Amino acid sequence: MDRVALRGLKARGHHGVFPREREEGQTFIVDLVLSLDTRPAAADDDLAKTVHYGVVAEEVVDVVQGEPVDLIETLAERIAQQCLKHAGVKEVEVCVHKPDAPITVPFDDVTITITRSRV
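Scoring rules and cut-offs
- Residues numbered from 1 in each chain as written.
- Predicted model: local features only at pLDDT ≥ 70, side-chain atom pairs only at ≥ 80, totals over all residues.
- Heavy atoms only, no water.
- Pairing = 2+ DSSP bridges.
- Helix = DSSP H or I, 4+ residues; strand = E, 2+ residues; numbered from the N terminus.
- Axes fitted to C-alpha atoms, helices over the stretch in contact; angles between N-to-C directions.
- Contact = heavy atoms within 4.5 Å.
- Core = buried A, V, L, I, M, F, W, Y, C linked by side-chain atoms within 4.5 Å.
- Buried < 20%, exposed > 50% of the residue type's maximum accessible area, 1.4 Å probe, protein only.
- Patch = residues over 30% accessible without salt bridge, like charges linked within 9 Å, V, L, I, M, F, W, Y side chains within 5 Å.
- Areas by Shrake-Rupley, 256 points an atom, 1.4 Å probe, with all protein chains shown as cover.
- Salt bridge = Lys/Arg side-chain N within 4 Å of Asp/Glu carboxyl O.
- Expected span 1.5 Å × (residues − 1).
- Arc of directions from axis to C-beta.

Asks: Explain the sheet that holds strand β4 (residues 111-117) residue by residue, including any values.
Replies: Within a sheet, neighbouring strands are paired by backbone hydrogen bonds and run either parallel or antiparallel to one another. Across the sheet, which stays open at both edges, the 4 strands sit in the order β1-β2-β3-β4 with antiparallel pairing between neighbours. The open sheet has two edge strands, β1 (2-13) and β4, and neither has a second partner. Across the sheet, the mean angle from the axis of one strand to that of its neighbour is 15°, orientation sign disregarded. Where strand β3 (residues 91-97) lies against β4, 7 bridges are found, and the strand directions are antiparallel. Looking at the pairing, Glu93 lines up with Thr115 of β4. Its contacts with the sheet place helix α3 (residues 53-65) against β1 and β2 (26-36), and it is angled at close to 35° to β1. In the packing of helix α4 (residues 72-83) onto the sheet, contacts are made with β2, β3 and β4, and the angle to β4 comes to roughly 35°.

Asks: Give a detailed account of the nonpolar core, specifying residues and quantitative values.
Replies: The biggest cluster of nonpolar side chains holds 30 residues, and the ones touching the most others in it are Val30, Leu32, Leu34, Ile79, Val94 and Val96. Elements with a minimum of two residues in this core: β1, β2, α3, α4, β3 and β4. What Val30 contacts, discounting residues up to four positions off in sequence, is Leu6, Arg7, Gly8, Leu9, Val60, Val64, Ile79, Val94, Cys95 and Val96.

Asks: Can you lay out unusual backbone geometry for me, pointing to particular residues and giving the numbers?
Replies: Even without being glycine, Asp45 reaches a positive phi, approximately 50°. Examined against the element boundaries, Asp45 turns out to sit in the loop between α2 (39-44) and α3. A residue is classified by how much of its surface remains accessible, and Asp45, at 71% relative accessible area, is exposed.

Asks: Break down a nonpolar patch on the surface for me, with residues and values.
Replies: Taken together, the side chains of Val17, Phe18 and Leu71 define a hydrophobic patch exposed on the protein surface, amounting to about 280 Å² of accessible area. Inspection of the secondary structure assignment puts Val17 in the loop between β1 and α1 (19-24).

Asks: Quick rundown of the side chain of Ser35? Include the residues and the values.
Replies: Considering the arrangement of structural elements, one finds Ser35 in strand β2. Dropping the residues within four chain positions of it, Ser35 is found in contact with Met1, Asp2, Arg3, Gly88, Val89, Lys90 and Glu91.

Asks: Provide a residue-level description of the pattern of salt bridges, including the pertinent values.
Replies: Within this structure, the stated rule accounts for 6 salt bridges. The residue Arg22 makes a salt bridge to Asp70 at a minimum N-O spacing of 2.5 Å. Here Asp70 lies in the loop between α3 and α4 and Arg22 lies in helix α1, a separation of 48 residues in the sequence. Ionic pairing is found between Arg39 and Asp37, a salt bridge with its closest N-O pair at 2.9 Å.

Asks: Give me the lowdown on α4, citing residues and values where you can.
Replies: Taking 1.5 Å of rise per residue, the 12 residues of α4 would be expected to cover 16 Å, and the 16 Å separating its terminal C-alpha atoms lies within 8% of that figure. Taken together, the buried positions of α4 are Ile72, Leu75, Ala76, Ile79, Ala80, Gln82 and Cys83. Along the long axis of α4, the arc covered by the buried residues comes to 160°, so they all point the same way. Tucked inside the fold, the buried residues of α4 contact β2, α3, β3 and β4.

Below you can see the structure in the form of structure tokens.
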């Protein structure tokens, strides 16, 4: 499988278990690695035979900005399922960053990384 990666997609969402997170929202950052066979697209130089990463990026931002969930695990799952709706995508790795998580000690980032594939 070949891989198309999108790194650092940023969107504001209202995810979290605390009322303040739901009310004020915060920035989430998403990294994706989409696994697919790019040979047909490369052979014909045809966008229709690969995944349009611009469309995927917009869809991922829509998920982050969409219906709030308590857990970033749930958010990552929703993003993965959206990516797998694209016919050529066989597997996706999703990493959701929550750099402003409500933690009382100094930290750089909180992430969840999941891998999902077609069954």
